[in-house]
Amino acid sequence: MKKILFTSLFLFSFATTFAGGYRVGLQGQRALAMGHTGVAYVNSAEIAFFNPAGLVYLENKINVSAGGFGVFSDVAWQNTSTGQYSSTDSPAGTPFYLYGSYALNERLSLGLAIYTPYGSGVEWPTDWAGSHLVNNIDLAAIYIQPLVSFKISDKFSVGGGPIFVTGSVNFNRNADRTLTDLEGNRSNITVDDSGVTNWGWSVGAMFNVSDNFTLGANYRSEIILESTEGTATFANFPDSPLVPANGDTSFTASLPLPAELTVGATYEREKWAFNVDYTRTYWDVYEDLDIVFGNGRESINPRNYKNSSLYKFGVAYEASEKFSLRAGYYFDESPVRSGYFAPETPRNDGNGFTAGLSYQVSNSFAIDASFLYLRFKEIDESYDYVSDGSSFGGTYKSSAFVPGIGLTYKM
Amino acid sequence: MRNYIKYMALSAVLLTACEAELDNPIEDGGVYTSGSADFSNFVSVGNSLTSGYADGALYLTGQQNSFPNILAGQFALAGGGEFKQPLVNDNLGGLLAGGNQITENRFVLSVGASGNPGPVRLSGSPTTDISNVLTGPFNNMGVPGAKSFHLVAPGYGNIAGVAAGASNPYFVRFASSANATIIADAAAQSPTFFSLWIGNNDILSYATSGGVGVDQKGNLDPSTYGANDITDPQVFASVYSQELNALTATATGGVVFNIPDVTSIPYFTTVPYNAIPLDAATAAGVNQAYAQYNGGMALYASGGAITAAERDARTINFVEGQNAAVILDESLTNLPNPAAPGTFLPKLRQATPDDLFVLTASSILGTLANQNDPNSVIGVGAPVTDQYVLTPSEQALIFAAQASYNTTIAALAQANGLAFVDAKAILNQLATGGITFDGGSLTSTFATGGAFSLDGVHPTPRGYAYLANQAILAINATYGSTIPTVNVGDYNTISVSQSN
């Protein structure tokens with residue numbers, strides 16, 4: 001059974017790019033509709049991701065939330081000094097989540113969370129002007145986490161659990177700005193690996209200040225994915241001892257999935273709930289993306305990310321017995337420093353506008369829907385650390401539109 | 001559920017509305033302007049430099065990186081139209097005539113048995129047969145090998161004349177008829193904008209052949225010229241003016257290029273004059289062999305038959321270390337051979353830094369002129385012959401003709417209000433220090449400098465891109481257009497490949 005579950009999970013392609021770097025902030029319909037808040041908001045099994053300490057405060061014995069999103073993001077680029085322009089034709093990403101909790105007793109709940117917090121899927125036209133940095137990239141990581149939530153008192157609870165991560169990467173780019181074979185086909189390299197695993201953990205705490213005011217905090221550890229078993233494919237290199245040979249070789253690379261700390265508060269009054277969350281993501285662990293190939297070549301790509309913050313606000317309103325309405329906003333600070341703006345994660349500060357609703361089909365079942373429009377300002381930026389000493393830049397404009405749908409079950 | 005359907009429909013609408021759109025997208029046009037020029041029908045006229053020729057051949061990717069094609073790509077941002085080129089079939093570059101190969105394949109940089117990389121001709125059977133005439137018209141009317149007067153010569157594209165050298169196999173491929181002229185085929189397209197870069201071969205074929213041709217100054221009938229002769233400046237001025245008249249008849253503007261110095265291209269600057277390394281014993285032995293010749297020079301000088309300066313120039317002396325090669329210089333005084341009455345002494349001297357050895361001299365220097373005579377090492381015991389060296393007197397003829405052509409070009413460009421590219425100054429800059437661009441530099445150094453392809457004469461795609469940028473700057477300055485330049489770092493330099 002477990003095996004089948006795993007297999008079916010891998011059938012999903014949940015690649016996407018937005019939220020600073022390659023963080024994909026889409027971990028629940030109800031939370032997303034409220035600006036992706038929820039570290040102090042006990043409402044559904046989505047709390048398993050946002051703050052496992054809250055699981056124990058869920059009213060029902062069994063709670064399940066599951067859902068997915070369609071991520072439609074694209075990036076336009078141009079350089080007015082050369083007249084070059086291009087835009088991504090990225091496949092729609094489909095991040096998903098599955099959360100469940102089971103109350104063993106008054107003080108102890110167990111849970112399971114499966115979610116996809118990191119990923120990136122960007123597809124530029126092959127051989128575009130920045131193809132020496134990226135033609136296409138598809139990064140994905142699935143987090144699988146058993147959880148335990150313990151009520152210390154009616155006011156205070158803690159929760160957490162180990163995280164098992166399995167990731168995959170497929171990244172293609174041209175060897176440099178000009179190298180081709182004799183027919184003019186650009187020399188390029190693809191690195192591909194999947195089933196890269198590692199472990200991490202998360203822990204949260206919740207404090208009910210009063211009946212309608214709750215504080216929460218949650219920390220998710222950094223996990224570094226070390227790729228050592230993958231394949232690097234060199235293609236369209238000319239036949240010469242002066243350049244690498246065509247064919248497969250091994251490679252090693254590591255990609256950090258940074259730690260994040262969220263603190264927040266929820267205030268509930270009658271039919272209203274108000275959330276405020278603040279998240280700090282420790283991106284400074286992402287110093288460079290270095291790929292060392294089995295044929296002795298290497299690719300050194302400084303990234304030099306900085307820690308970044310997310311400021312999130314959400315509101316929910318119970319319109320009727322059947323309908324709940326939600327809306328939110330967040331400001332997403334980019335971890336990318338000026339001069340390090342690489343087109344595989346071309347992100348500047350973004351403004352996320354969210355909304356959504358739930359329809360209570362029966363006492364146990366609800367259908368949840370949400371959407372996010374993530375808006376970025378047009379920006380003039382460059383990546384100044386290309387290995388040949390050049391710089392690649394221009395004007396970028398990105399946007400992402402994300403509809404999502406899910407189910408909430410309680411019993 | 002109906003609500004969900006509505007919601008999904010709304011999502012779809014929003015989705016389309018939310019696609020990332022730049023504030024002022026280049027893609028939509030209007031960012032760049034053409035000024036007073038009209039780039040809708042751009043026609044380029046010239047020789048190999050216009051055709052995209054490189055690495056000793058005209059091949060497909062070279063044509064795609066021809067400077068007019070690069071220009072046309074940028075013109076397309078401001079009203080420029082399609083730019084058709086008479087593309088060859090392959091990336092080998094050799095031409096066939098009726099199945100027989102008549103021009104060589106391209107050079108590639110290949111690592112030899114010694115482990116050192118060097119240019120070699122790429123092996124393989126080319127597939128471009130000149131008897132397969134393409135249907136035009138073509139915007140790129142660059143014809144490798146064409147001299148100024150060839151553009152107005154009827155029959156220059158007649159296949160019947162190729163074998164005898166009376167016509168040009170490259171023009172045969174796309175001439176509108178056997179009797180067509182290049183300039184008439186260009187003008188018939190009613191260009192709205194044009195480029196003209198012609199006159200290089202009027203001195204270059206003389207130069208690359210080491211000056212074995214004749215300076216035709218004073219001879220106004222180019223039909224009597226040999227392939228390696230220097231064109232008379234009046235002939236040049238006359239045909240250049242005709243060509244401009246034909247092109248300006250319909251065009252709103254154009255860009256013209258002058259003729260660079262031969263001394264700025266690696267074909268003449270790569271092989272040093274003193275490429276002969278000798279040890280002390282060998283040098284002494286060689287000097288012994290020249291003792292009689294040196295004595296003869298001293299005698300003729302004391303008798304007044306030659307000047308002391310000529311005596312010094314003709315006194316052969318080898319030393320331990322690097323030595324100047326012995327060359328044959330036809331401009332030296334004819335001196336009877338006292339040992340064999342009725343014959344003359346060879347016109348030998350050692351080269352000086354003012355002598356320019358052509359690139360192909362590298363393959364004969366130090367080899368034996370006579371396989372059976374170990375003393376016939378070329379440059380030591382046997383002289384380097386005329387076709388490998390451009391002596392100062394030969395260079396003077398080239399510079400005189402070039403200066404006159406350039407005066408004509410500059411004057412006619414000004415008179416017609418055309419954009420003018422000082423290719424002479426640009427190539428001199430590449431030769432004397434180079435230029436830098438984002439992430440690199442471009443110099444004239446053979447093979448490694450980036451600007452020149454492996455034939456030592458024609459630019460690389462990156463070199464052509466740099467020239468295209470210079471043309472764009474001149475065009476913008478002349479016509480008030482705002483065409484953007486290209487990023488030269490995006491263009492390739494030389495190709496590496498093993499040839500087998």
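Remember, it's a predicted structure, so these values are computed and weren't measured experimentally.

Peer 1: Go over the overall build of chain A with me, naming the residues and quoting the values.
Peer 2: Secondary structure assignment for chain A yields 3 helices and 22 strands. Taken over the C-alpha trace, chain A has a radius of gyration of 22 Å; the compact-globule value for 411 residues is 22 Å, and the two agree within 12%. Along the longest, intermediate and shortest principal axes, the C-alpha atoms of chain A span 70 × 45 × 35 Å. Summarising the internal contacts of chain A: among those between residues at least 6 apart in sequence, 68% fall at separations of at least 24. Looking at chain A as shown, the accessible area adds up to about 15900 Å², and 56% of this sits on carbon and sulfur atoms.

Peer 1: Can you tell me about the overall build of chain B, naming the residues and giving the values?
Peer 2: Secondary structure summary: chain B contains 14 helices and 18 strands in total. Overall size of chain B, expressed as C-alpha extent along the three principal axes, is 115 × 55 × 45 Å. For chain B, the residues scored as buried account for 55% of the 500 residues in total. Relative to all contacts within chain B whose residues are 6 or more apart in sequence, the contacts with residues 24 or more apart total 73%. Surface exposure of chain B reaches about 19900 Å², of which carbon and sulfur atoms provide 55%.

Peer 1: Describe in detail the pattern of salt bridges, supporting the description with residues and values.
Peer 2: Using the criterion set out here, one finds 14 salt bridges over all chains in the structure. Where aspartate 23 of chain B meets lysine 397 of chain A, a salt bridge forms, and the shortest distance between an N and an O atom there is 3.9 Å. Pair noted here: aspartate 23 of chain B is in the loop between α1 (2-17) and β1 (42-46) and lysine 397 of chain A is in strand β22 (residues 392-410), and the two residues belong to different chains. Exposure remark for lysine 397 of chain A: the relative accessible area of 14% places this residue in the buried category. Salt bridges here are not isolated pairs; linked through shared partners, they connect Arg23, Arg220 and Glu260 of chain A.

Peer 1: Can you tell me about the environment of aspartate 55 of chain B, naming the residues and giving the values?
Peer 2: Residue and element names in this part refer to chain B. Here aspartate 55 shows up in the loop between α2 (48-51) and α3 (60-64). Taking the relative accessible area as the measure of exposure, aspartate 55 reaches 2% and is therefore buried. The sequence separation of aspartate 55 and asparagine 105 amounts to 50 residues, and the corresponding C-alpha distance is 8.7 Å. Setting aside its immediate chain neighbours within four residues, aspartate 55 contacts Arg106, Phe107, Arg121, Ser453, Leu454 and Asp455. Of note is the side chain of aspartate 55, whose polar atom sits 2.6 Å from the side chain of tyrosine 59.

Peer 1: Describe the side chain of aspartate 329 of chain B, listing the residues and the values that go with them.
Peer 2: Residues and elements named next belong to chain B. Looking at where aspartate 329 falls in the secondary structure, it is placed in the loop between β12 (326-328) and β13 (348-350). There is a polar contact of 2.8 Å between the side chain of aspartate 329 and the side chain of arginine 349. Ignoring any residue separated from it by four or fewer positions in sequence, one finds aspartate 329 in contact with Lys347, Arg349 and Thr391.

Peer 1: So what's going on with the pairing of strand β5 (residues 117-121) of chain B? Which residues, and what values?
Peer 2: All names here are of chain B. Bridge count between strand β4 (residues 107-111) and β5: 5 bridges; the pairing is antiparallel. In the strand pairing of β5, leucine 109 is matched with proline 119. Between β4 and β5, which pair antiparallel and follow one another directly, the connecting turn spans 5 residues, one of which, glycine 115, has a positive phi of 90°.

Peer 1: If you had to explain the nonpolar core to someone new, which residues and values would you point to?
Peer 2: Counting residues in each nonpolar core, the largest one holds 213 residues, and the members touching the most others are Val45, Leu196, Phe268, Phe318, Phe357 and Val384 of chain B. Element by element, the count of residues in this core is highest for helix α14 (residues 461-479) of chain B, at 10 residues. Excluding its chain neighbours within four sequence positions, the residues that come into contact with phenylalanine 357 of chain B are Tyr267, Phe268, Val271, Pro272, Tyr273, Ala325, Ile327, Ala351, Leu365, Val384, Tyr388 and Val389 of chain B. Among the nonpolar cores identified, the runner-up in size contains 5 residues, and Phe96, Ile114, Ile144 and Phe164 of chain A belong to it.

Peer 1: Could you give me a rundown of unusual backbone geometry, with the residues and numbers involved?
Peer 2: Residue and element names in this part refer to chain B. A cis amide bond, omega 0°, links glycine 136 with the succeeding residue proline 137. With respect to the helices and strands, the residue proline 137 is situated in the loop between β6 (128-129) and β7 (140-142). In the Ramachandran plot, aspartate 55 falls in the positive-phi region, its phi being about 55° despite a non-glycine side chain. The residue alanine 447 is not glycine, and still its phi comes out positive at about 70°. Within the secondary structure layout, alanine 447 lies in the loop between β18 (440-442) and α14.

Peer 1: A description of the packing of aromatic side chains should follow, citing residues and the corresponding values.
Peer 2: In total, this model carries 52 aromatic pairs over all chains according to the counting rule given. With 6.2 Å between their ring centres and 50° between their planes, phenylalanine 42 of chain B and phenylalanine 193 of chain B make a pair best called tilted. Here the residue phenylalanine 42 of chain B occupies a position in strand β1, and phenylalanine 193 of chain B occupies one in strand β8 (residues 193-197), the gap between them amounting to 151 residues. Here the two residues phenylalanine 42 of chain B and phenylalanine 193 of chain B agree in accessibility, since each one is buried. Relative to tryptophan 197 of chain B, the ring of phenylalanine 67 of chain B lies with its centre 5.9 Å away and its plane at 65°, an arrangement referred to as edge-to-face. You can see phenylalanine 67 of chain B sitting in helix α4 (residues 67-75) and its partner tryptophan 197 of chain B sitting in strand β8, a full 130 residues away along the chain. Summarising the burial analysis for this pair, phenylalanine 67 of chain B and tryptophan 197 of chain B share the class buried. Its guanidinium or amino end placed over the ring of tyrosine 118 of chain A, arginine 23 of chain A lies 5.7 Å from that ring's centre, counting from NZ or CZ. When the ring centre of phenylalanine 107 of chain B is taken as reference, the NZ or CZ atom of arginine 121 of chain B above it lies at 4.0 Å.

Peer 1: So what's going on with the confidence of the model for chain A? Residues and values would help.
Peer 2: On average, chain A scores 92 in pLDDT, and the residues at 70 or more come to 95%. Considering only residues more than four positions removed or in separate chains, one finds that residues 1-19 of chain A, a stretch of pLDDT under 50, has 53 contacts.

Peer 1: Give me the lowdown on the interface of chain B and chain A, citing residues and values where you can.
Peer 2: Between chain B and chain A, the contact holds 45 residues from the first and 48 residues from the second. Where chain B abuts chain A, roughly 3500 Å² becomes buried across the two surfaces, and 59% of that area is made up of carbon and sulfur atoms. Along the contact surface separating chain B from chain A lie 14 residue pairs in polar contact (both at pLDDT 80 or more). Of all the secondary structure elements, the ones that give two or more residues to the side of chain B that touches chain A are α1 and β4 of chain B. When residues of the side of chain B that touches chain A are assigned to their parent elements, the largest contribution, 6 residues, is made by α1 of chain B.

Peer 1: Which residues make up the packing of helix α13 (residues 423-431) of chain B against α14 of chain B, and what values go with them?
Peer 2: For any two helices packed against each other, one specifies the crossing angle of their axes together with the interaxial distance. Residues and elements named next belong to chain B. The N-to-C vectors of α13 and α14 enclose an angle of 135°; their axes lie 11 Å apart at closest approach. Of the possible angle classes, the one that applies to α13 and α14 is oblique. Handedness of the α13/α14 crossing: right-handed. Contact with α13, carried on its side by Ile426, Leu427, Gln429 and Leu430, involves Tyr466, Leu467 and Gln470 of α14 and no other residues of that element. Across the contact of α13 with α14, the residue classes tally to 5 nonpolar, 2 polar and no charged.

Peer 1: Can you explain α13 of chain B? Please cite residues and give values.
Peer 2: Residue and element names in this part refer to chain B. Residues of α13 that are buried: Ala423, Ile426, Leu427 and Leu430. In an axial view of α13, the angular spread of the buried residues amounts to 90°, which keeps them on one side of the axis. Buried positions along α13 lie against β8, β16 (419-421), β17 (435-437), β18 and α14. Downstream of α13 by a residue or two, glycine 433 has a phi angle that is positive, lying close to 155°.

Peer 1: Outline the sheet that holds strand β3 (residues 100-101) of chain B, listing residues and values.
Peer 2: All names here are of chain B. Pairing within the open sheet is mixed, and its 3 strands lie in the order β3-β2-β6. With partners counted over all chains shown, the strands left at the sheet margins are β3 and β6, one partner each. When strand β2 (residues 95-97) meets β3, the two strands line up antiparallel, connected through 2 bridges. Across the sheet, leucine 96 pairs through a bridge with glutamine 101, a residue of β3.

Peer 1: Please provide a residue-by-residue account of the sheet that holds β16 of chain B, values included.
Peer 2: In a beta sheet, neighbouring strands are held together by backbone hydrogen bonds and run either parallel or antiparallel to one another. Residues and elements named next belong to chain B. The strand order β7-β1-β8-β9-β16 describes an open sheet built from 5 strands, whose pairing is parallel. Across the chains shown, the open sheet's two edge strands, defined by having one partner strand only, are β7 and β16. In this sheet, adjacent strand axes meet at a mean angle of 15° when their direction is disregarded. In terms of strand pairing, strand β9 (residues 253-257) meets β16 through 3 bridges, oriented parallel. Note that in β16 the partner of phenylalanine 257 across the bridge is valine 421. Across the sheet, α14 touches β8, β9 and β16, and the angle it forms with β16 is around 150°.

Peer 1: Break down a nonpolar patch on the surface for me, citing the residues and quoting the values.
Peer 2: On the surface, a cluster of nonpolar side chains totalling about 450 Å² of accessible area is made up of Phe150, Ile152, Phe156, Phe207, Val209 and Leu215 of chain A. Note that isoleucine 152 of chain A resides in the loop between β6 (136-151) and β7 (156-174).

Peer 1: A description of the confidence of the model for chain B should follow, citing residues and the corresponding values.
Peer 2: Regions with low pLDDT carry predicted coordinates that are not meant to be interpreted in detail. On average, residues of chain B score 94 in pLDDT, and 96% of them are at 70 or above. Across the interface, the model reports ipTM at 0.90; the global pTM reads 0.92.

Peer 1: Tell me about a negative patch on the surface, and please be specific about residues and values.
Peer 2: Taken together, the side chains of Asp89, Glu123 and Asp138 of chain A together with Glu19, Glu21, Glu27 and Asp28 of chain B make up a negatively charged region of the molecular surface. For aspartate 89 of chain A, a relative accessible area of 62% translates into the label exposed.

The rules behind each value
Residues numbered from 1 in each chain as written. Chains lettered and ligands numbered in written order. Predicted model: local features only at pLDDT ≥ 70, side-chain atom pairs only at ≥ 80, totals over all residues. Heavy atoms only, no water. Helix = DSSP H or I, 4+ residues; strand = E, 2+ residues; numbered from the N terminus. Rg over C-alpha atoms; globule rule 2.2 N^0.38 Å. Contact = heavy atoms within 4.5 Å. Areas by Shrake-Rupley, 256 points an atom, 1.4 Å probe, with all protein chains shown as cover. Buried < 20%, exposed > 50% of the residue type's maximum accessible area, 1.4 Å probe, protein only. Salt bridge = Lys/Arg side-chain N within 4 Å of Asp/Glu carboxyl O. Polar contact = N/O pair within 3.5 Å; in protein donor to acceptor, adjacent residues only side chain to side chain. Pairing = 2+ DSSP bridges. Core = buried A, V, L, I, M, F, W, Y, C linked by side-chain atoms within 4.5 Å. Phe/Tyr/Trp six-rings, centres within 6.5 Å; stacked < 30°, edge-to-face > 60°. Lys NZ or Arg CZ within 6 Å of the ring centre and 35° of its normal. pLDDT = per-residue confidence, 0-100. Buried area = accessible area lost by both parts, 1.4 Å probe. Axes fitted to C-alpha atoms, helices over the stretch in contact; angles between N-to-C directions. Parallel < 35°, antiparallel > 145°, perpendicular 65-115°, else oblique. Left-handed = near helix turned anticlockwise from the far one by under 90°. Nonpolar A, V, L, I, M, F, W, Y, C, P; charged D, E, K, R; others polar. Arc of directions from axis to C-beta. Patch = residues over 30% accessible without salt bridge, like charges linked within 9 Å, V, L, I, M, F, W, Y side chains within 5 Å. Lys, Arg positive; Asp, Glu negative; His and termini not counted. Charge placed at Lys NZ, Arg CZ, Asp CG, Glu CD.

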